[in-house]
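# Coordinates in review
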Amino acid sequence: MNVTKKISLLVAILLVGIGLAACGSLDSSSMSSSTNNVTGEKNKKNTYQTTGSASGEYAGVIKNGRYVTSKSRGLTADQNGNVNNTKSFESGLQDVSKIVFSPSKYIFQEGQYLSTDTVQDWLDRKSKTNPNGLNPEDNGSKDSEKRNPIYLQALEEQDYMEKSGTSLKLKGVTIGLAMNSVDYYQKEQYGAEYETKISDADIKAKSTEIAKEVLKRLRKKSEFKNVPIVIAVYKQASNDSLTGGTFIRYTNNSGEKLAAWKNLDYKNVIYPLGNDESSPNSNDSTAFDNFKTQVESFFPNLSGITAKTRYKGDAMQGMSVTITTQFYSETEIKSFTQFASTQAEKYLPSGVNIDITIRSSDDVQSFLSRSAKEKSFSSHVFSSY
């Protein structure tokens with residue numbers, strides 16, 4: 001995404017909260033289809049537009065002047081104690097989709113074919129009253145080693161469309177399966193929280209079992225009968241993790257039988273590294289430590305500097321830095337933002353997308369960003385007006 005547009009979008013979200021239609025330019029062409037008005041009055045038109053897209057990103061669908069939102073977004077099997085899981089699950093699912101559905105060819109639409117009730121039934125435990133549950137029946141045990149845990153935490157649908165005359169036609173779908181690595185439970189209502197750890201082997205076995213059943217159910221729906229169905233498996237991070245989880249594999253299915261899995265080599269790393277932690281690339285760890293040392297030595301009134309990074313193999317895909325300050329003067333914030341920009345250009349890795357958020361304990365004070373193709377950071381200081 002262009003850096004200037006990216007910062008403008010952040011400003012709009014934080015200060016105004018304006019609708020999507022005002023956040024970006026719409027596609028100059030629109031698609032419309034007429035439907036008969038049952039009252040015999042003037043025909044109405046269902047107008048489709050796209051949000052427009054930056055390089056390498058999907059255009060989204062706007063229908064009758066409103067962005068088409070998901071019918072089942074955000075549903076989980078139980079309370080999700082790590083908000084980072086939700087964010088990285090949704091954004092990472094699009095990254096997996098790009099492997100199969102190119103943004104240059106397909107238009108992205110939030111899931112429209114699986115209803116809230118359907119997804120919730122699938123996420124619940126299987127029972128006499130809910131035979132469609134994809135999680136196992138409750139065996140009544142409260143022992144962490146003997147109980148049947150909740151394996152599937154969330155399920156996400158993403159639709160990929162193509163223009164077909166004056167309308168959009170579904171040409172593919174991606175389903176994300178968010179699998180727990182730890183299942184949290186209580187032995188009694190309002191009691192202490194306990195946990196059941198789920199091994200990688202169990203995650204793979206159960207996700208395969210669930211994927212087969214999901215594919216079978218989707219193929220029974222007329223909309224999904226003849227389109228490619230991608231199913232991707234996401235391993236959730238524990239509630240005490242500072243990052244979200246990662247996608248570990250996916251399968252691209254053209255028929256009713258589950259195709260072979262393809263592994264994904266993603267990893268999330270927090271800098272500075274903790275004891276006994278390692279980085280996929282030691283140069284990146286050194287670069288961040290040098291940046292942190294320089295910034296803290298010149299501006300001592302800081303509460304902390306951390307970075308969330310994502311890797312594919314040993315190659316960094318992106319970095320999000322958070323600097324927490326104790327500044328209150330706007331002139332201090334401006335000076336610090338300028339200094340942070342020069343040090344980031346000097347020390348932080350090049351060739352990757354980097355965001356830097358400077359904030360107090362209460363709100364965001366300034367924001368810096370640089371795309372993988374640029375050398376300099378663009379910045380914005382949030383004023384009091």
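Residues numbered from 1 in each chain as written. Predicted model: local features only at pLDDT ≥ 70, side-chain atom pairs only at ≥ 80, totals over all residues. Heavy atoms only, no water.

## Details of the overall build of the chain
A tally of regular secondary structure across the chain gives 7 helices and 18 strands. Counting every position in the chain, which comprises 385 residues, the buried fraction comes to 44%. Put simply, of all contacts in the chain between residues at least 6 apart along the chain, 59% involve residues at least 24 apart. Carbon and sulfur atoms make up 45% of the accessible area of the chain, which amounts to about 20500 Å² in all. (Helix = DSSP H or I, 4+ residues; strand = E, 2+ residues; numbered from the N terminus. Buried < 20%, exposed > 50% of the residue type's maximum accessible area, 1.4 Å probe, protein only. Contact = heavy atoms within 4.5 Å. Areas by Shrake-Rupley, 256 points an atom, 1.4 Å probe, with all protein chains shown as cover.)

## A look at the pattern of salt bridges
In total, this model carries 9 salt bridges according to the counting rule given. Residue D200 is joined to K235 by a salt bridge in which the shortest nitrogen-to-oxygen separation is 2.8 Å. Note that D200 is positioned in helix α5 (residues 200–219) and K235 in strand β10 (residues 229–235), a separation of 35 residues in sequence. Residue K292 pairs with E296 through a salt bridge whose shortest N-O separation is 3.0 Å. Of this pair, K292 and E296 both sit in helix α6 (residues 282–298), 4 residues apart, roughly one helical turn. For E296, a relative accessible area of 30% gives the class partly exposed. Shared partners join several salt bridges into a network, and the residues in it are E57, D95, K98 and R310. (Salt bridge = Lys/Arg side-chain N within 4 Å of Asp/Glu carboxyl O.)

## Here we look at the sheet that holds strand β6 (residues 152–164)
The 6 strands are arranged β5-β6-β7-β10-β11-β12 in an open sheet whose pairing can be described as mixed. Two strands in the sheet have a free side with no partner beyond their single neighbour: β5 (107–110) and β12 (262–263). Relative to β12, strand β11 (residues 246–253) runs antiparallel, the two being bridged by 2 bridges. Counted as the bridge partner of R249 is N263 from β12. Sheet strands touched by α5: β6, β7 (167–179), β10 and β11. Its angle to β7, the strand with the most contacts, is close to 150°. (Pairing = 2+ DSSP bridges. Axes fitted to C-alpha atoms, helices over the stretch in contact; angles between N-to-C directions.)

## Section: the nonpolar core
Of all hydrophobic cores here, the largest spans 33 residues; its most connected members are L155, I175, L177 and V214. Of all the secondary structure elements, the ones that give two or more residues to this core are α4 (116–123), β6, β7, α5 and β10. In this structure L155 touches L114, V119, W122, L123, I175, G176, L177 and V214, once residues within four positions along its chain are discounted. Counting residues in hydrophobic clusters, the runner-up holds 28 residues, among them V295, L302, A307 and M319. (Core = buried A, V, L, I, M, F, W, Y, C linked by side-chain atoms within 4.5 Å.)

## Here's the deal with the confidence of the model for the chain
When pLDDT is averaged across the chain, the result is 86; 86% of the residues are at 70 or more. Low pLDDT (under 50) marks residues 1–44, which in the prediction has 71 contacts with non-local residues, meaning those over four places away or in another chain. (pLDDT = per-residue confidence, 0-100.)

## Some thoughts on the pairing of strand β14 (residues 302–312)
When strand β13 (residues 266–271) meets β14, the two strands line up antiparallel, connected through 6 bridges. Paired with Y271 across the strands is A307, a residue of β14. As defined by bridge partners, β14 adjoins strand β15 (residues 315–325) across 10 bridges and the pair is classed as antiparallel. The partner of I305 across the bridge, within β15, is I323.

## Re the sheet that holds strand β16 (residues 353–359)
The mixed open sheet is built from 6 strands, whose spatial order is β13-β14-β15-β16-β17-β18. Taken across any chain shown, the strands that pair with only one partner, and hence form the sheet edges, are β13 and β18 (378–381). For this sheet the average axis-to-axis angle between neighbouring strands, irrespective of direction, equals 10°. Of the pairings in the sheet, the one linking strand β17 (residues 364–370) to β18 comprises 4 bridges and is antiparallel in character. Its bridge partner lying in β18, F367 is registered against H380.

## Focus: the packing of aromatic side chains
All told, the structure shown has 15 aromatic pairs when counted by the stated rule. When the ring of Y58 is compared with that of F108, the centres are 6.4 Å apart and the planes differ by 40°; the resulting orientation is tilted. Taken together, the positions of Y58 in the loop between β2 (44–50) and β3 (61–63) and F108 in strand β5 put the pair 50 residues apart, joining distant regions of the chain. By relative accessible area, which is 7% here, F108 ends up buried. Between F298 and F339, the ring centres sit 4.9 Å apart and the planes meet at 45°, which makes this aromatic pair tilted. (Phe/Tyr/Trp six-rings, centres within 6.5 Å; stacked < 30°, edge-to-face > 60°.)

## Describing the packing of α6 against helix α7 (residues 330–347)
Axis separation between α6 and α7 bottoms out at 9 Å; the angle between their running directions is 155°. In terms of axis orientation, α6 runs roughly antiparallel to α7. For the element pair α6 and α7, the recorded crossing hand is right-handed. On α7, the residues that touch A287, N290, F291, Q294, V295 and F298 of α6 are F336, F339, A340, Q343, A344 and Y347. (Parallel < 35°, antiparallel > 145°, perpendicular 65-115°, else oblique. Left-handed = near helix turned anticlockwise from the far one by under 90°.)

## Details of the environment of S55
With respect to the helices and strands, the residue S55 is situated in the loop between β2 and β3. Owing to a relative accessible area of 64%, S55 belongs among the exposed residues under this scheme. Separated by 48 residues in sequence, S55 and P103 place their C-alpha atoms 8.6 Å apart.

## Focus: the pairing of strand β8 (residues 182–186)
Taking burial as the measure, the 5 residues of β8 include 4 buried ones, the bulk of the element. The pairing of β8 with strand β9 (residues 193–197) spans 5 bridges and is classified as antiparallel. In the sheet register, Q186 faces β9, and the bridge partner there is E193. Where β8 folds back on β9, the antiparallel hairpin that results is connected by 6 residues, among which Y190 adopts a positive phi of roughly 65°.

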